[in-house]
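Listed below are the residues making up each chain.
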Amino acid sequence: MKVLTKARVAEGSASTYTTGVMAYARFCLRYQHFPLFPASDKTLALFVARQSYTCSKATLVNYMSGVADYQRNVLGMEFQTTMSRPLVNAALKGLRRTQDKPSKKKMAITAAMLKKVQAVVADESFAKAAGHKPSAIRCVVAAILVGFFGMLRKANIASKTARTFDPKRCLLCYDIQQSEQETLMLTCRFSKTIKGSERVHKLPLVYTGEALCPVSAYVAHVVEFPSTGGDEQQPAFMYDNRKGKRTALSHKFLVGTIKELLEFVGEEPYKFAGHSLRIGGATLAFAIGAPATNIMLLGDWVSKAVFGYNQPDTDFLQSLPRRIDGRSYLLRIGKQLGVLLAICS
């Protein structure tokens, strides 16, 4: 029973919820608001006002969810939603108006950037300048291309740390299989939207023969760093570190190298992060006219959040009036529907 109750929310959310409940408890004790539970409208509104000095609105909303979860599921008391609490709702609305700032959303990595990156990796000029082993950089580039075209999350291709590799969360050698048709079939067993063993997410990566071909990059990576046995436990992306020890690709090394590579080819590294691969893949798919439903299937999106990943450039936006010409638009949509019907039949 305790195991099931604990699993009601994701690990990351549970940590945030706990922080929120502790912050609420400290507030009540400091300012003498009793009883702590059930939480009254006035106490919650004052909590929002006090925490707004140090917390963003998104953090406060999560804290409120944590208090609600604790009251409902731990204490067994009813909790009215914030929408049905006029005073709390007003405080949150005021917070949104006074605290709203332009979001610092990370930028999409583009195919043009990746071509520049591939060039400086191929001639090893970046590895020499940065003091990295060329083989380690090639491992990162293979992960970048698979992550970009597969619209994967950082956690799929890299371990949280090199020392704490978790075979249940990251892609393993066993999870990337090559077919006779020069296609890689990836099997993601864990992600933000996949918990436990409820399902797996399968996606194909097709050989193109181009410089940015993810299949070629991964096959070359496997040749350079072959599995030593036990594919069901070995990470898909690994390299030899400076001490010559075989190690799993970590978040720190992946993201750090991505930023170093982008800076080396003239980009501003602070605008990018590991998630820029997923954003970039989705943006490219939207740009070439792929239906949103197909993008959602490939990237395993389960909501309309996929539209927030589209970061079209100025040229694309300026071309929209021509793209939305009535007849050509209908013909294009018709072709897409035909392809979809053929796939689904």
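The structure displayed is predicted, hence computed values, not measured ones.

Re the overall build of the protein
- A count of helical and extended segments in the protein gives 15 helices and five strands.
- Relative to its full complement of 345 residues, the protein shows a buried share of 39%.
- Restricting to contacts in the protein with at least 6 residues of sequence separation, those with at least 24 account for 61%.
- A total accessible area of about 20100 Å² is found for the protein, and carbon and sulfur atoms account for 59% of it.

What about the environment of Ile109?
- Mapped onto the secondary structure, Ile109 falls in the loop between helix H5 (86-99) and helix H6 (111-122).
- Note on Ile109: relative accessible area 3%, which makes it buried.
- Note: C-alpha distance between Ile109 and Leu284 (175 residues apart in sequence) is 9.5 Å.

A closer look at the sheet that holds strand S3 (residues 201-206)
- Spatially, the three strands line up as an open sheet ordered S1-S2-S3, and their pairing is antiparallel. Only two strands of the sheet have a single partner each, and these edge strands are strand S1 (176-178) and S3. Between one strand and the next, the sheet's axes are offset by a mean angle of 20 degrees, whatever the strand orientation.
- As judged from the three bridges shared by S1 and strand S2 (residues 183-188), these two strands associate in the antiparallel manner. Bridge pairing links Gln177 to Met185 in S2.

Notes on the nonpolar core
- Membership of the largest hydrophobic core comes to 47 residues, with the highest contact counts inside it found for Leu186, Phe237, Leu249 and Leu254.
- Elements with a minimum of two residues in this core: H6, helix H7 (125-130), helix H8 (134-150), S2, S3, helix H10 (214-224) and helix H11 (251-264).
- Considering every element that reaches this core, the biggest residue donor is H8, with 11 residues.
- Residues contacting Leu249, with those up to four places away along its chain left out, are Val140, Ala143, Ile157, Ala158, Ser159, Phe237, Met238, Tyr239 and Leu254.
- Ranked by size, the runner-up nonpolar core spans 20 residues in total, among them Ala39, Val48, Met64 and Phe79.

Thoughts on the pattern of salt bridges
- The full count for this structure, using the stated rule, is eight salt bridges.
- For Glu268, the salt bridge identified is with Lys271, shortest N-O distance 2.6 Å.
- The class for Glu268 is partly exposed, based on a relative accessible area of 37%.
- The structure contains a network of salt bridges with shared partners spanning Glu124, Arg138 and Glu224.

Brief notes about a nonpolar patch on the surface
- Where nonpolar side chains cluster on the molecular surface, the patch consists of Val74, Leu75 and Met77 and spans about 220 Å² of accessible area.
- One can find Leu75 in the loop between helix H4 (57-74) and H5.
- Take Leu75: its relative accessible area is 34%, and that puts it in the partly exposed class.

Here's the deal with the side chain of Gln51
- Tracing the sequence through the fold places Gln51 in helix H3 (residues 41-51).
- Not counting residues within four places of it along the chain, the set of residues in contact with Gln51 comprises Ala23, Leu60 and Tyr63.

Here's the deal with the packing of aromatic side chains
- As enumerated under the stated definition, the model contains 11 aromatic pairs in all.
- Both rings, one in Phe148 and one in Phe149, keep their centres 4.9 Å apart while their planes meet at 85 degrees; by these two values the pair is edge-to-face.
- Taking relative accessible area as the criterion, Phe149 reaches 27% and is therefore assigned partly exposed.
- Judged by centre distance (5.6 Å) and plane angle (75 degrees), the rings of Tyr218 and Phe237 are edge-to-face. Here Phe237 lies in the loop between H10 and strand S4 (238-240) and Tyr218 lies in helix H10, a separation of 19 residues in the sequence. Neither Tyr218 nor Phe237 differs from the other in exposure class; each is buried.
- A network of ring pairs unites the aromatic residues Tyr24, Phe27, Tyr31, Phe37, Phe47 and Tyr70 as a single cluster.
- The ring of Phe79 has Arg85 sitting right over it, with the charged end atom 4.5 Å from the ring centre.

Brief notes about the environment of Gly299
- As for its position among the elements, Gly299 is in helix H13 (residues 292-299).
- The exposure class of Gly299 is buried, given its relative accessible area of 3%.
- Separated by 147 residues in sequence, Gly299 and Leu152 place their C-alpha atoms 6.6 Å apart.
- Setting aside anything within four residues of it in sequence, one finds Gly299 in contact with Met151, Arg153, His201 and Arg278.

Thresholds, definitions, all that
- Residues numbered from 1 in each chain as written.
- Predicted model: local features only at pLDDT ≥ 70, side-chain atom pairs only at ≥ 80, totals over all residues.
- Heavy atoms only, no water.
- Helix = DSSP H or I, 4+ residues; strand = E, 2+ residues; numbered from the N terminus.
- Buried < 20%, exposed > 50% of the residue type's maximum accessible area, 1.4 Å probe, protein only.
- Contact = heavy atoms within 4.5 Å.
- Areas by Shrake-Rupley, 256 points an atom, 1.4 Å probe, with all protein chains shown as cover.
- Pairing = 2+ DSSP bridges.
- Axes fitted to C-alpha atoms, helices over the stretch in contact; angles between N-to-C directions.
- Core = buried A, V, L, I, M, F, W, Y, C linked by side-chain atoms within 4.5 Å.
- Salt bridge = Lys/Arg side-chain N within 4 Å of Asp/Glu carboxyl O.
- Patch = residues over 30% accessible without salt bridge, like charges linked within 9 Å, V, L, I, M, F, W, Y side chains within 5 Å.
- Phe/Tyr/Trp six-rings, centres within 6.5 Å; stacked < 30°, edge-to-face > 60°.
- Lys NZ or Arg CZ within 6 Å of the ring centre and 35° of its normal.

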